[in-house]
Amino acid sequence: MAVEKFTYDNRIAKYFAVATVLWGVVGLLVGLIIAIELVFPWLNLNLEFITFGRLRPLHTNAVIFAFVGNGIFTAVYYSVPRLLKTPMFSELLSKIHFWGWQFIIVCAAITLPLGLTTGKEYAELEFPIDILITLIWVVFGWNLFGTLIKRRTRHIYVAIWFYIAALVTVAVLHITNSLELPVKFFKSYPIYAGVQDAFVQWWYGHNAVAFFLTAAYLGLMYYFVPKAANRPIYSYKLSIIHFWALIFLYIWAGPHHLLYSSTPDWVQALGVVFSVVLIAPSWGGMINGLLTLRGAWDKVREDPVLKMFVVGVTAYGMATLEGPLLSLKSVNAISHFTDWTIAHVHIGALGWNGMMTFGMLYWLFPRFFKVKLYSKAMANTHFWLATLGMLFFAIPLYFAGFTQALMWKEFTVEGYLKYPNFLETYLQIRPMHLLRVVGGILYLTGGILMVINLIKTAKSGKFARFEEDQAPPLEKKASTEKFHRRIEGKPITFAILALVAVLIGTIIEFVPLFVIKSNIKTIASVKPYTPLELQGRDIYLKEGCYNCHSQMIRPFRSEVERYGEYSKSGESVYDHPFQWGSRRTGPDLAREGVKSGKIYKPDSWHYEHLVNPQKTNIQSIMPAYPWLAKKDIDIASTPSKIKAMRSLGVPYPAGFESSSVDDLNKQAGAIASGLRNAGIQVEDQKQIIALIAYLQRLGTDVGANPEMVIK
Amino acid sequence: MYKVISSLLEDVKGMDVLSAISVSFFFILFIIIMINVIRMRKEHAEEMKNMPLEKHDLNDKF
């Protein structure tokens, strides 16, 4: 058969590789800054833009979507043409994809410090950026499927199965979780509320990890580990089982983030069951990756690329064993809201994603520039810095997590909480947070060494943009192959089946939760927020308070004793978005406003605490928010916010928006006047007034006697 | 249509068995894939395993 000659264009893969390096350093640096801010809160220098609550979403978005995202695209644009024996479908689409994605990252880097956020973890970007992400994802899909259609190989290699699964699933996740009603430019409310919003958010959050950080990176592993070891993957048959089991199971596991919360028990049970079953396919992937190196272990001693891949794949195995263990209810009762979870996710991010990316970059740059790596010794040093950095980061956090959990739950012999002051429990883990900073410094230093090494490598060679290859054209003939062998040659069918696999779990979990009313008990006394409280809630979102404070009291004696009555599903029916949080660096706020409650504080305390937390307690690690006492509430937006909320089903009376500003001013006047009586000089329209109104509302609908009000 | 489905679903009882049903469903799929994989010809598996590797990789000097 005649052979066709063609060329691969390395330019876009190189662009994405450079962007991966750049955003990787930025993401790590921001992570390091917020780790230091946790120990030394004054380091926000009283500037709103660099406060922990605003920078933490920037860190997570930079690492996930900028560093790992560009890493995925580097792998795709390098491996897909070579595996399919054809250049990418369109150079223009490739360029739009690259520059569009970088533009999205820049938009995120500007808007998040400005406090323009949806207030949903890992999905903080506001709707104009969400729309951009959708468009660029379509461009990526178009380019990928265009390339698949004009391929010269009949069967699609396993790496591309994972890319396809990631592409279709991330599209479903992003669109479903980003359904929101715009109020104004860069301000929207999600269409879901309370329990349903929590469920959709963690279905998204968990599967962003599953498909963006895992499935796409498994594609990377299946291409680059065999290339680096110069050996075929251990088992193609295992990869089939591992692939379908993984994508089918992963989608169900999201509710394990909501154990003991006010989500229905059946959803929690599904999350636990599928998380445990997930160990099998996850370890199938790890075994396939590690055993690819059989007979090549001698190379691992020498080659920094293989060393990084080995640690990366091992970290994947450890994280995917730990995840299911954390989803067991008895373990989760201890681990949830503590630093244990933070340690767990960083084993995945620093170990699996970080090491796999570093290995790929060290393998790619010499081939881009047709020259040997500038310094193998430097790469080996990077390897050890990254490995030690990861351990220095995670091990103290494991100890911190256990310490927090045990202190939160400890009672005296008389039956009282041994550590009723939440701050006491934080002060015990402060040294561990300091050690975590050391881990971060080590990991970042390794990253900087890599930047130097890659720049020197690039400078010592010459970029080889085009690479020639040849292959016979794909014969058009009716397939006689059966089942999996057949669908490996049909990318569209393959994508549809992958979509069906992820939709089964999605639909079975979504439909009952959204349709069966008994899943969310209505509470008669729960009323919509007043206009001032609604504005205060938006300030709570803007400042990213959910990054440190939860609003979900679990039904444990230790929590009820500390915070008050446990949270009910009907309490958050008007919360667009829900604010249950995932971590308690500070105390839970779900019953903050209950006057007869355990943690009630007067307005004046809140004012002093927000402006200067160390004034109320010298050891407090909360950053100061002095700008809240200086900046005005965006009163003009109140009517449109009320209208938007009513469109989403919040029962504000018809025409209430026209009197909403008067209502707001009246309530603000009452709070400000009370503060002035307490000797605090503050104007009615300041943001701090709205935030105090919101905090004092929290938990008051149900209060101390919930059985009296549940319908 | 939505109203019909929604009214039907509102009466669904025994949501707690959903996880058992779902896991059973998964194991059926798993067994089907397993059987197919076991019956797969060895040369197909070998061809797919070697796809990322190319002849020039043997002389890779980087």
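Values in this document were obtained by computation on a predicted structure and should not be read as measured data.

1. Side note on the overall build of chain B
1) Next: A count of helical and extended segments in chain B gives three helices and zero strands.
2) Next: Counting only residues that meet the buried cut, chain B has 34% of its 62 residues in that class.
3) Next: Just so you have it, chain B exposes about 4,600 Å², and 66% of that area is on carbon and sulfur atoms.

2. Some details on the side chain of glutamine 687 of chain A
1) Next: Relative to the helices and strands, glutamine 687 of chain A resides in helix 24 (residues 687-697).
2) Next: Dropping the residues within four chain positions of it, glutamine 687 of chain A is found in contact with Ile539, Leu628, Lys631, Asp632 and Ile633 of chain A.

3. Side note on the domain arrangement of chain A
Residue and element names in this part refer to chain A.
1) Next: Taken domain by domain, chain A holds domain 1 (7-154), domain 2 (157-292 + 482-520), domain 3 (305-474) and domain 4 (531-708).
2) Next: Of note, the centres of domain 2 and domain 3, computed from C-alpha atoms alone, are 22 Å apart.
3) Next: Counting residues at the interface gives 29 residues for domain 2 and 26 residues for domain 3.
4) Next: Carbon and sulfur atoms make up 75% of the area that domain 2 and domain 3 hide from each other, which totals about 2,400 Å².
5) Next: The largest per-residue losses of area from domain 2 upon contact with domain 3 belong to Tyr217, Phe224 and Tyr260, which jointly make up 23% of the total buried on that side.
6) Next: For the pair domain 2 and domain 3, the number of links is zero salt bridges.
7) Next: On the surface where domain 2 and domain 3 come into contact, there are six residue pairs in polar contact (both at pLDDT 80 or more).
8) Next: Elements with a contribution of two residues or more to the side of domain 2 that touches domain 3: helix 6 (194-229), helix 7 (236-250), helix 8 (265-277) and helix 9 (279-291).
9) Next: For the side of domain 2 that touches domain 3, the per-class residue count stands at 19 nonpolar, eight polar and two charged.

4. As for the confidence of the model for chain B
1) Next: Overall, the prediction assigns chain B a mean pLDDT of 78, with 63% of residues at 70 or greater.
2) Next: In the model of chain B, helix 1 (residues 2-9) of chain B stands out as the element of lowest mean pLDDT, 63, in contrast to helix 3 (residues 42-49) of chain B, which has the highest, 91.

5. Focus on the pattern of salt bridges
Residue and element names in this part refer to chain A.
1) Next: Across all of its chains, the model carries 36 salt bridges over all chains by this definition.
2) Next: For glutamate 488, the salt bridge identified is with arginine 485, shortest N-O distance 3.6 Å. Take glutamate 488 and arginine 485: they sit in the same class, and that class is buried.
3) Next: Note that glutamate 565 and lysine 568 form a salt bridge whose closest N and O atoms lie 2.7 Å from each other.

6. So, the state of the cysteines
All names here are of chain A.
1) Next: Counted according to the given criterion, the structure contains zero disulfides over all chains.
2) Next: Its sulfur unpaired, cysteine 548 is 8.6 Å from the next cysteine sulfur, which belongs to cysteine 545.
3) Next: Since its relative accessible area comes to 16%, cysteine 548 is described here as buried.

7. So, the side chain of serine 188 of chain A
All names here are of chain A.
1) Next: Within the secondary structure, serine 188 is located in strand 3 (residues 187-190).
2) Next: Since its relative accessible area comes to 2%, serine 188 is described here as buried.
3) Next: A polar contact is formed between the side chain of serine 188 and the side chain of glutamate 126, at a distance of 2.7 Å.
4) Next: In contact with serine 188, not counting residues within four places along its chain, are Thr118, Glu126, Phe127, Glu180, Leu181, Pro182 and Val183.

8. Description of the interface of chain A and chain B
1) Next: With 50 residues of chain A in contact, the opposing surface of chain B contributes 37 residues.
2) Next: Carbon and sulfur atoms make up 74% of the area that chain A and chain B hide from each other, which totals about 3,800 Å².
3) Next: One can count one salt bridge joining chain A with chain B.
4) Next: A salt bridge links arginine 485 of chain A to glutamate 47 of chain B; its shortest N-O distance comes to 2.7 Å.
5) Next: Those elements giving two or more residues to the side of chain A that touches chain B turn out to be helix 2 (52-84), helix 6, helix 7, helix 8, helix 13 (339-369), helix 16 (483-487) and helix 17 (491-515) of chain A.
6) Next: Sorting elements by how many residues they give to the side of chain A that touches chain B places helix 7 of chain A first, with eight residues.

9. Quick notes on the packing of helix 23 (residues 656-677) of chain A against helix 24 of chain A
Residues and elements named next belong to chain A.
1) Next: For the pair helix 23 and helix 24, interaxial distance at closest approach is 10 Å and the crossing angle is 95°. One way to sum up the angle between helix 23 and helix 24 is to call them roughly perpendicular. Residues Gln667, Ala668, Ile671, Ala672 and Leu675 of helix 23 lie in contact with helix 24, whose contacting residues are Ile689, Ile692 and Ala693.
2) Next: Taken together, the residues of the contact of helix 23 with helix 24 break down into seven nonpolar, one polar and no charged.

10. Structural notes on the nonpolar core
All names here are of chain A.
1) Next: Trp101, Phe211, Phe212, Phe224 and Trp244 are the most contacted members of the largest nonpolar core, which totals 193 residues.
2) Next: Apart from residues no more than four positions distant in its own chain, phenylalanine 212 is found in contact with Ile64, Phe65, Val68, Gly69, Ile72, Trp101, Trp137, Val170, Asn207 and Tyr217.
3) Next: Among the nonpolar cores identified, the runner-up in size contains 45 residues, and Leu532, Tyr625, Val650 and Val702 belong to it.

11. Here we look at unusual backbone geometry
Residue and element names in this part refer to chain A.
1) Next: A cis amide bond links histidine 576 with the next residue in sequence, proline 577, at an omega value of 0°.
2) Next: We note that leucine 45 has phi near 50°; this positive angle belongs to a residue other than glycine.
3) Next: By the element assignment, leucine 45 lies in the loop between helix 1 (11-39) and helix 2.
4) Next: For leucine 45, a relative accessible area of 54% corresponds to the exposed category.
5) Next: With a phi close to 65°, phenylalanine 186 is a non-glycine residue in the positive phi region.
6) Next: Relative to the elements of secondary structure, phenylalanine 186 occurs in the loop between strand 2 (180-184) and strand 3.
7) Next: Judged by relative accessible area, which is 17%, phenylalanine 186 ranks as buried.

Calculation notes
- Residues numbered from 1 in each chain as written.
- Chains lettered and ligands numbered in written order.
- Predicted model: local features only at pLDDT ≥ 70, side-chain atom pairs only at ≥ 80, totals over all residues.
- Heavy atoms only, no water.
- Helix = DSSP H or I, 4+ residues; strand = E, 2+ residues; numbered from the N terminus.
- Buried < 20%, exposed > 50% of the residue type's maximum accessible area, 1.4 Å probe, protein only.
- Areas by Shrake-Rupley, 256 points an atom, 1.4 Å probe, with all protein chains shown as cover.
- Contact = heavy atoms within 4.5 Å.
- Domains from an automatic or database assignment.
- Buried area = accessible area lost by both parts, 1.4 Å probe.
- Salt bridge = Lys/Arg side-chain N within 4 Å of Asp/Glu carboxyl O.
- Polar contact = N/O pair within 3.5 Å; in protein donor to acceptor, adjacent residues only side chain to side chain.
- Nonpolar A, V, L, I, M, F, W, Y, C, P; charged D, E, K, R; others polar.
- pLDDT = per-residue confidence, 0-100.
- Disulfide = S-S within 2.5 Å.
- Axes fitted to C-alpha atoms, helices over the stretch in contact; angles between N-to-C directions.
- Parallel < 35°, antiparallel > 145°, perpendicular 65-115°, else oblique.
- Core = buried A, V, L, I, M, F, W, Y, C linked by side-chain atoms within 4.5 Å.

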